[in-house]
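Chains, contacts and geometry: an overview
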Amino acid sequence: MEIDREDGRTPNQLRPLACSRNILHRPHGSASWSQGDTKVLAAVYGPKAGTKKNENAEKACFEVIWKPKTGQIGKVEKEYEMIMKRTIQSICVLTVNPNTTTSVIIQVVHDDGSLLPCAINAACAALVDAGIPMKHLAVAICCCLADNGYLVLDPNKLEEKKMTAFAYLVFPNTTLSVLPEGSSVGEGEPVEHGIITSVTHGVMSVDDYFLCVENGRAATASLSAFFRKNFQQSSSKVG
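Structure report, in brief. On a predicted model such as this, the values are computed, not experimentally measured, just so you know.

Cut-offs and rules
- Residues numbered from 1 in each chain as written.
- Predicted model: local features only at pLDDT ≥ 70, side-chain atom pairs only at ≥ 80, totals over all residues.
- Heavy atoms only, no water.
- Pairing = 2+ DSSP bridges.
- Helix = DSSP H or I, 4+ residues; strand = E, 2+ residues; numbered from the N terminus.
- Axes fitted to C-alpha atoms, helices over the stretch in contact; angles between N-to-C directions.
- Contact = heavy atoms within 4.5 Å.
- 1 Å grid on protein atoms, 1.4 Å probe; cavity = no way out; pocket = protein on both sides within 12 Å on 5 of 7 lines; lining within 4 Å.
- Points joined across faces, edges and corners; volume = space filled by probe spheres on them.
- Nonpolar A, V, L, I, M, F, W, Y, C, P; charged D, E, K, R; others polar.
- Core = buried A, V, L, I, M, F, W, Y, C linked by side-chain atoms within 4.5 Å.
- Buried < 20%, exposed > 50% of the residue type's maximum accessible area, 1.4 Å probe, protein only.
- Expected span 1.5 Å × (residues − 1).

1. Overview of the sheet that holds strand β2 (residues 29-35)
- The mixed open sheet is built from five strands, whose spatial order is β1-β2-β3-β5-β4. Across the chains shown, the open sheet's two edge strands, defined by having one partner strand only, are β1 (17-21) and β4 (61-67). Strand-to-strand twist across the sheet, computed as the mean angle between neighbouring axes with direction ignored, equals 15 degrees.
- Sitting on the sheet, helix α1 (residues 75-91) touches β4 and β5 (100-110), and the angle it makes with β4 is about 150 degrees.
- Those strands touched by helix α2 (residues 115-130) are β1, β2, β3 (38-49), β4 and β5, and its axis lies near 150 degrees from that of β2.

What follows is the structure in structure tokens.
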């Protein structure tokens, strides 16, 4: 028995992707990212001299500021900021610009599900646009578990409300690297098939979690291909 999705997608099918970079003039880098009707803008400012309080001055520091579409930032948004900061710090080279702070501003344009993975993808594109040294890109995906036991990827808002549990997964895209020429990375890179970030909500079995990881990793191939195509097109326009 196959699960029916109201938009006609198969369980592992992602919504249509769209990404544009260098869309804002004031930031050092910017990008918009959308999956279906979920759309996020990301802006990067920096690196600026000096680090935030309690940060290691011998390394580059990052801060993430989340701006919801309406209203004030709450507990969920604060959690998103923390998850994104840790993800960004793990994929960026922190020794190239020590004692600096780079700010990543996330503006939610519309939330129709899978918001955090969309924001992470937008932030990666904006970091590339800003020329921030990175070990590799990251690709993020949401995998949900329905009460009937079926798994679906990239849920929309309506699907999210019906799910019993879900996992936000971030995988390294090791085929793309944005490093200064001649530099080497000695900070313990994740293995090619590792996971950068894993956040779960709700209750799922260990078997279901590993199935989420398996399906999520398989879906990142299309995300990675989309990133490559988008960046190649941008490079050809510049050239």
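Anyway, onward from the coordinates.
2. Remarks on empty space enclosed by the protein
- Under the criterion given, the structure shown has one cavity of 30 Å³ or more.
- Roughly 50 Å³ of volume is contained in the largest cavity.
- What lines the largest cavity is Pro47, Ala60, Phe62, Val93, Asn97, Thr100, Thr102, Ile132 and Pro133.
- Taken together, the residues that form the lining of the largest cavity break down as six nonpolar, three polar and no charged.

3. A word on the nonpolar core
- Trp66, Met84, Cys92, Ile106 and Leu127 are the most contacted members of the largest nonpolar core, which totals 67 residues.
- With 13 residues, the single largest contributor to this core is α2.

4. A look at α1
- With 17 residues, α1 ought to run about 24 Å at 1.5 Å a step, and its terminal C-alpha atoms sit 25 Å apart, in line with that.
- Restricting attention to buried positions, one finds in α1 the residues Tyr80, Glu81, Ile83, Met84, Thr87, Ile88 and Ile91.
- Looking at the buried positions of α1, the neighbouring elements they touch are β4, β5, α2, β6 (137-146), β8 (163-173) and β9 (197-202).

5. Remarks on the pairing of β8
- Of all 11 residues in β8, nine are buried, a share of seventy percent or more.
- Both β6 and β8 contribute to a ladder of 10 bridges, which runs antiparallel. If you follow Ala138 over to β8, its bridge partner there is Pro172.
- With six bridges connecting them, β8 and β9 associate as antiparallel partners. Residue pairing in the sheet places Val170 in a bridge with Thr197 of β9.

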